[in-house]
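This is what each chain is made of:
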Amino acid sequence: MEYHVKDLSLAEEGKNRIEWAERDMPVLRSIREMFSKEKPFKGLRISACLHVTTETANLMITLKEGGAEVYLTASNPLSTQDDVASALVKYYQIPVFAIKGEDRETYYSHIRAVIEKEPHIVIDDGADLISTIHKEYPHLLGKIMGGMEETTTGVIRLKAMAQKGVLGFPIIAVNDAYTKHMFDNRYGTGQSTIDGILRATNRLIAGSYFVVAGYGWCGKGVAQRARGMGATIIVTEVDPIKALEAKMDGFLVMPMKEAAKLGDFFVTVTGNTSVIRGEHFEVMKDGAIISNAGHFDVEIDKKALESMAVSKREIRRFVEEYTLKDGKRIYLLAQGRLVNLASAEGHPASVMDMSFANQALSAKYIVKNYKNLEKKVYKVPDEIDREVAVLKLKSMGVEIDQLTQEQIAYLSSWEIGT
């Protein structure tokens, strides 16, 4: 079996951690049992470009149970858990091409390795896999039934491709499912980002000024968790509606040029480029800690920071100290990459349970419906979103009310008034 991982001797630890995560993924477990009987992917190849974590491992195992030939590569050079990658190869016979800390050349060679398996379905997180197919393997476009995209950044890229008429197959935006973005983005990113910052720095958050750039679902989660730990939250935004929401939620709202003067911790979660720039580094406090929880490492202008620094060193694992000309020190976490996956373990399994349940059921939906789908980006079908919510509530022992026939009639009538 062809694969490229760091060290197969790590596999035993990875297997134990995969099993630990699986205990907290009851929705995906129930889907796996269904797939094991139905084999919806029999004879099909699925290539995935995802963060190689314990939760992702359980998704790969589920797809394989459904009859698929599965191939996995990393969606970020720093997000791979090497023990998990090794366990998938050794114990589950799933080819993995991913090594934590791999350089850009290796990263893209791994993406090409899973593309060259000529997949029928692709699963992406950030759209690097899908964009590489379109740029370098256009002859495969007609052979791919469809794909799924996991994150906001990737959905933005793929919608741009669809608008320009260059998207070669249908995509389901798993990120846009309510049971994904309302829970994964808010509770998952919120908790795991704080976890990554704490593991990297061991600094006290209580009493600090904590700057959150971007108030989408991810930004809301980070702001809520940081406030819960005693920080004063400053939100920066370009969207007036989101800025107003942040203000009404009780947070300070101001431009980054003002927030930069106050912040002790900074987290970018915008999906855009150069959110923190040279003009902001110039006015920051000595000891400011900067991190990114957006998918790509473009939100912090690292080139500007490098050019302004007179020296640079790694003072702790995942912490780079930049000393500026005036002696001020600025600390960049995880090279500006996803701090929650680079210096921690990513989202808790119970949150990824819903996200990956959407992935699994969307893959099945594509197999059944790809002939009728156009080359554009679709939201997750409502029936899948609701099914995931029902299964999650059931696993938590939660029951809810059902509409009575009288209520159904009332809601569907236009004749009943005051």
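Because the structure is predicted, anything quoted here is derived from the model rather than measured.

(A) Summary view of unusual backbone geometry. A positive phi is found at Asn202, a non-glycine position, where the angle reads about 55°. Given the relative accessible area of 64%, Asn202 is considered exposed. For Ser274, which is not a glycine, the phi torsion comes out positive at approximately 50°. Along the chain, Ser274 falls in the loop between β10 (265-268) and α12 (278-281). Accessibility expressed as a relative area gives 24% for Ser274, which makes it partly exposed.

(B) Inspection of the sheet that holds strand β13 (residues 319-324) at higher detail. Across the sheet, which stays open at both edges, the eight strands sit in the order β9-β8-β7-β10-β11-β14-β13-β12 with mixed pairing between neighbours. Because the sheet does not close on itself, it has two edges, and the strands there are β9 (252-253) and β12 (309-316). Inspection of the sheet shows strand β11 (residues 288-292) paired to strand β14 (residues 329-333) by three bridges, in the parallel sense. Bridged to Ile289 within β14 is Tyr331.

(C) Highlighting the environment of Arg104. Topologically, Arg104 is positioned in helix α5 (residues 104-115). You can call Arg104 exposed: its relative accessible area is 62%. Along the primary structure Arg104 and Lys220 are separated by 116 residues, whereas in three dimensions their C-alpha atoms are 31 Å apart.

(D) Here's a closer look at the pairing of strand β8 (residues 232-236). Within β8, four of the five residues are buried, which leaves it mostly tucked inside the rest of the structure. As judged from the two bridges shared by β8 and β9, these two strands associate in the parallel manner. Residue pairing in the sheet places Ile234 in a bridge with Leu252 of β9. The β-α-β motif built from β8, the intervening helix α10 (residues 240-248) and the parallel element β9 has right-handed crossover chirality.

Cut-offs used in this document
- Residues numbered from 1 in each chain as written.
- Predicted model: local features only at pLDDT ≥ 70, side-chain atom pairs only at ≥ 80, totals over all residues.
- Heavy atoms only, no water.
- Buried < 20%, exposed > 50% of the residue type's maximum accessible area, 1.4 Å probe, protein only.
- Helix = DSSP H or I, 4+ residues; strand = E, 2+ residues; numbered from the N terminus.
- Pairing = 2+ DSSP bridges.
- Right-handed = clockwise from strand over helix to strand, strands pointing away.

Purely spatial values, then, with no claim about function.
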